[in-house]
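In case you want the letters, here they are:
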Amino acid sequence: MRQPLVAGNWKMNGDQADASKLLDGILAGLAEVKSAELAVCPPFILIPAVASKLAGSAVKWGGQNLDIHNSGAYTGEVSGPMLKDFGCTYVIVGHSERRSYYGEGDNVVAMKFGAAQDNGLIPILCVGESLEERAENETESVIDRQLDEVIDAHGITAFANAVIAYEPVWAIGTGKTATPDMAQEVHAYIRRKLATLDAGVAAGIRLLYGGSMKPDNAAELIAQPDIDGGLIGGASLKAEDFLGIAKAAG
Ligand code: PGA
């Protein structure tokens with residue numbers, strides 16, 4: 001039985017006061033969340049404050065990105081050991097905003113995935129197609145390309161300690177959610193693909209859906225057999241909405 005995971009991707013939002021208020025709200029409602037595991041991924045600069053607030057609670061935290069190197073002359077970057085030092089459990093890699101705005105290709109994403117695991121962090125690997133790619137029926141080939149690079153670099157067993165988030169680019173921050181059927185179809189495709197390499201890994205890995213997930217559509221999405229939670233952007237910035245999704249996850 002896969003424990004649902006609901007992870008908040010705060011992106012580049014919030015200051016110390018916002019973060020503190022948001023976490024107070026989440027912690028206050030935590031008792032109503034039955035089975036889902038919760039995590040938040042704040043901007044780097046807020047991680048120390050988030051870590052001290054969440055220490056000892058059931059809510060985990062993580063980074064939104066990391067560098068491929070562990071240390072050195074890489075101005076402006078943050079490394080896996082630094083995230084680990086601040087108690088991160090997770091780190092998002094290959095988010096579509098990183099891929100499109102910061103030019104992260106599949107090979108860099110694969111290196112980041114490895115850097116995360118080398119430092120004891122669980123990568124949340126984001127994959128997903130653009131609107132044009134969906135229109136051209138390329139969803140599966142895009143997912144193949146994005147996953148194959150990581151599988152080739154690190155092997156299927158690396159996925160025993162990873163999370164995959166399917167985030168159709170056209171659904172991110174747009175208010176357009178994939179229908180539960182559409183999302184399930186891709187999630188099932190991903191799990192089948194992994195199963196051809198290792199049935200146990202495929203059965204155990206949590207596949208999150210991301211893209212305009214909200215309290216009112218979360219239950220139906222997460223009820224799909226291959227959807228094990230969500231990676232939440234906009235709705236993770238309001239405690240009530242984030243908790244609403246977490247409760248919908250069970
Ligand atoms: P959204 O973002 O929930 O605001 O669509 C999801 C994501 O980018 O992870």
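The structure presented is a predicted model; accordingly, all values stated were derived computationally and were not measured.

For the protein, the helix and strand inventory stands at 11 helices and 8 strands. By the compact-globule yardstick of 18 Å for 250 residues, the protein fits well, its C-alpha radius of gyration being 17 Å. Dimensions along the principal axes, computed over C-alpha positions, put the protein at roughly 45 × 45 × 35 Å. Across the 250 residues in the protein, those meeting the buried criterion constitute 54%. Considering only contacts within the protein whose residues lie at least 6 apart along the sequence, 72% involve residues at least 24 apart. As displayed, the protein offers around 10900 Å² of accessible surface, 52% of which is attributable to carbon and sulfur atoms. If you average the places of the 20 positive and of the 32 negative side-chain charges in the protein, the two averages end up 5 Å apart.

Right, let's talk about the site of the ligand for a bit. Near the ligand there are 13 residues, and of these Lys11, His95, Glu167, Gly173 and Ser212 occur at the shortest range. Interatomic distance of 2.6 Å between a backbone N/O atom of glycine 173 and an oxygen atom of the ligand. With respect to the ligand, the backbone of glycine 233 contributes an N or O atom lying 2.9 Å from an oxygen atom. Protein contacts shield 96% of the accessible area of the ligand, which totals 280 Å² for the unbound molecule. Across the shell around the ligand, the residue classes break down as 4 nonpolar, 7 polar and 2 charged.

Attention shifts here to the packing of helix α7 (residues 139–154) against helix α8 (residues 180–195). To characterise two packed helices, one gives the angle between the axes of the helices and the distance between these axes. The interhelical angle for the contact between α7 and α8, taken along N-to-C directions, is 40 degrees, at an axis separation of 11 Å. In terms of axis orientation, α7 runs oblique to α8. Like other packed secondary-structure pairs, α7 and α8 cross with a definite hand, here right-handed. When α7 is examined against α8, the residues Thr139, Glu140, Ile143, Asp144, Leu147, Asp148 and Ile151 are found in contact with a partner set consisting of Val186, Tyr189, Ile190, Lys193 and Leu194. Considered class by class, the residues forming the contact of α7 with α8 number 7 nonpolar, 1 polar and 4 charged.

Our focus in this paragraph is the sheet that holds strand β3 (residues 60–63). Strand order around the closed barrel formed by 8 strands is β1-β2-β3-β4-β5-β6-β7-β8, with parallel pairing between neighbours. The mean inter-strand angle of the sheet, taken between neighbouring strand axes irrespective of direction, is 25 degrees. Looking at chain direction, strand β1 (residues 5–9) and strand β2 (residues 37–41) are connected through 5 bridges and run parallel. Each residue of the ladder has a partner; that of leucine 5, found in β2, is glutamate 37.

Before going further, it helps to spend a moment on the layout of surface pockets. When its volume is computed, the largest pocket comes out at roughly 430 Å³. In this structure, the largest pocket is lined by 14 residues; those nearest its centre are Lys11, Met12, Gln64, Arg98 and Tyr102. The biggest single contributor to the lining of the largest pocket is helix α4 (residues 96–101), with 3 residues. Among the residues forming the lining of the largest pocket, the class breakdown is 7 nonpolar, 4 polar and 3 charged.

This paragraph deals with the packing of helix α1 (residues 16–29) against helix α2 (residues 47–54). Their axes nearest at 11 Å, the elements α1 and α2 cross at an angle of 25 degrees. When the axis of α1 is compared with that of α2, the two are roughly parallel. Where α1 crosses over α2, the handedness of that crossing is right-handed. Note on element contacts: α2 touches α1 through Val50, Lys53 and Leu54, opposite Ser20, Leu23, Asp24 and Leu27. Classifying every residue of the contact of α1 with α2 gives 4 nonpolar, 1 polar and 2 charged.

So, on to the nonpolar core. Note on soluble globular proteins: their nonpolar side chains tend to be buried together. Counting 68 residues, the largest nonpolar core has Ile26, Phe159 and Ile190 as its most contacted members. When residues no more than four places from it in sequence are discounted, the contact partners of phenylalanine 159 are Phe113, Leu125, Leu147, Val150, Ile151, Ile164, Val201 and Ile205. Residues Cys126, Val163, Ala165 and Leu231 belong to the second largest nonpolar core, which totals 13 residues.

So, about a negative patch on the surface. Together, Glu140, Asp181, Glu185 and Glu220 line one region of the surface with negative charge. Among the secondary structure elements, glutamate 185 is positioned in helix α8.

Calculation rules
- Think of each chain on its own: its residues are numbered from 1, step by step along the sequence as written.
- For a predicted model such as this one, the threshold for reporting local features is a pLDDT of at least 70, and the threshold for listing and counting side-chain atom pairs is 80 or more; totals across whole chains, interfaces and linings nevertheless cover every residue.
- By convention in this description, side-chain values take in all heavy atoms of the structure and omit both hydrogens and water.
- Going along the chain from the N terminus, every DSSP run of H or I of four or more residues is numbered as a helix, and every run of E of two or more is numbered as a strand.
- Between the two quantities, the radius of gyration covers C-alpha atoms and the globule rule is 2.2 Å times the number of residues to the power 0.38.
- Three labels apply to residues, based on accessible area from a 1.4 Å probe with only protein chains included: buried if under 20% of the type maximum, exposed if over 50%, partly exposed otherwise in between.
- In what follows, residue pairs with any heavy atoms lying within 4.5 Å of each other are defined as contacts.
- Note that accessible areas follow from Shrake-Rupley with a 1.4 Å probe, and for residues the cover is restricted to the protein chains shown.
- His is not counted, nor are the chain ends, whereas Lys and Arg count as positive and Asp and Glu as negative.
- Here the site of a charge means atom NZ of a Lys, CZ of an Arg, CG of an Asp or CD of a Glu.
- Working definition: residue near molecule or strand if any one of its non-hydrogen atoms lies within 4 Å of it.
- What qualifies as a polar contact is a pair of N or O atoms within 3.5 Å, subject to a donor-acceptor requirement within protein and to the restriction that residues adjacent in sequence count only when both atoms come from side chains.
- Three residue categories are used. Nonpolar comprises Ala, Val, Leu, Ile, Met, Phe, Trp, Tyr, Cys and Pro, charged comprises Asp, Glu, Lys and Arg, and polar comprises the others, including Gly.
- Here an angle of 0 to 180 degrees is reported between the N-to-C directions of two axes, which are lines fitted to C-alpha atoms, with helices fitted over the stretch in contact.
- Each angle receives one of four descriptions, namely roughly parallel if under 35 degrees, roughly antiparallel if over 145, roughly perpendicular if within 65 to 115, and oblique otherwise.
- Here is the rule for handedness: rotate from the far helix to the near one, and if that takes an anticlockwise turn smaller than a right angle the crossing is left-handed, while a clockwise turn gives right-handed.
- A pair of strands counts as paired when DSSP detects no fewer than two bridges linking them.
- Buriedness for pockets is judged along seven lines, at least five of which must meet protein on both sides within 12 Å for an open set on the 1 Å grid over protein atoms alone, while cavities are sets there where a 1.4 Å probe fits but cannot get out, and lining residues have an atom within 4 Å of a point.
- Grid points are joined across faces, edges and corners, and a volume is the space filled by probe spheres set on the points.
- Among buried residues, those of type Ala, Val, Leu, Ile, Met, Phe, Trp, Tyr and Cys that are joined through side-chain atoms within 4.5 Å constitute a nonpolar core.
- Like charges are joined within 9 Å and nonpolar side chains (Val, Leu, Ile, Met, Phe, Trp, Tyr) within 5 Å, but only among residues with over 30% relative accessible area and no salt bridge; these make up the patches.
- Salt bridge, as used here, is a side-chain nitrogen of Lys or Arg placed within 4 Å of a carboxyl oxygen of Asp or Glu.

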